[in-house]
Amino acid sequence: MKKNILLVEYSSTAIEAIQQILRDKIFDITIARSEEVAKDLLKNFRFDLIITETLLPKSHGFILSKFISENYPTAKIIIISDKLKQADYKQEAVTQHGASDFFEKPLPERLFRKRVLEVLGIDEEDMAEMAFSSDVTTKLHILPSLEELAAYKSKTKKEAPAPSPEPSKEENHTPIFKIDLD
């Protein structure tokens, strides 16, 4: 019954807010901070819901939403955004880009949570059963951006120590510690 959610968001404040709103063990949330990372995750894992910010680094949430709806039709999508000047963004998100809904930040906690549950097909009985569990922590995975990962890989390659030479056959390899059970 675990629901896998991909959150495509770069703002730590928004990530924390969504984590608090969806704080139940039924949710397994993976964070991607860019469209590239999100697409890579979508290739390798199945997500029941994708929540994406509209303004992403080097991309737009509407483009990602359309890509997901065309390539992963069973995944549901909710788009979130800071207040935008265009009033018809919600309609555009739903009618043209495959989103199930659109929310402006700050997210209305109860309404957002209720809509997430509806989109995922979770009813109140399911949630009531989960309330008896003592473990109500959302599993959260935060992944680095591709740029951060590439920088880390190049840094570790430069700093990697040279392989140690093979021990000579003449060296004594007896253990330092001895355990006497008598």
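Since we're looking at a predicted model, the values are computed, not measured.

This brings us to the overall build of the protein. Counting its secondary structure elements, the protein contains seven helices and eight strands. Relative to its full complement of 182 residues, the protein shows a buried share of 36%. In the protein, the share of contacts with a sequence separation of at least 24, taken over all contacts with a separation of at least 6, comes to 71%. Total accessible area computed for the protein in this model is approximately 12,100 Å², and 53% of it derives from carbon and sulfur atoms.

All right, on to the pattern of salt bridges then. Summed over the entire model, instances satisfying the criterion amount to seven salt bridges. Here D48 makes a salt bridge to R46, at a shortest N to O gap of 2.4 Å. A residue is classified by how much of its surface remains accessible, and D48, at 12% relative accessible area, is buried. Exposure remark for R46: the relative accessible area of 55% places this residue in the exposed category. Residues D101 and R115 are paired through a salt bridge, measuring 2.8 Å at the closest nitrogen-oxygen approach. Taken as a pair, D101 in strand β7 (residues 101–104) and R115 in helix α5 (residues 109–120) lie far apart in primary sequence, 14 residues in all. For D101, a relative accessible area of 9% puts it in the buried group. Each of E9, E53 and K105 takes part in one network of salt bridges that share partners.

Cut-offs and rules
Residues numbered from 1 in each chain as written. Predicted model: local features only at pLDDT ≥ 70, side-chain atom pairs only at ≥ 80, totals over all residues. Heavy atoms only, no water. Helix = DSSP H or I, 4+ residues; strand = E, 2+ residues; numbered from the N terminus. Buried < 20%, exposed > 50% of the residue type's maximum accessible area, 1.4 Å probe, protein only. Contact = heavy atoms within 4.5 Å. Areas by Shrake-Rupley, 256 points an atom, 1.4 Å probe, with all protein chains shown as cover. Salt bridge = Lys/Arg side-chain N within 4 Å of Asp/Glu carboxyl O.

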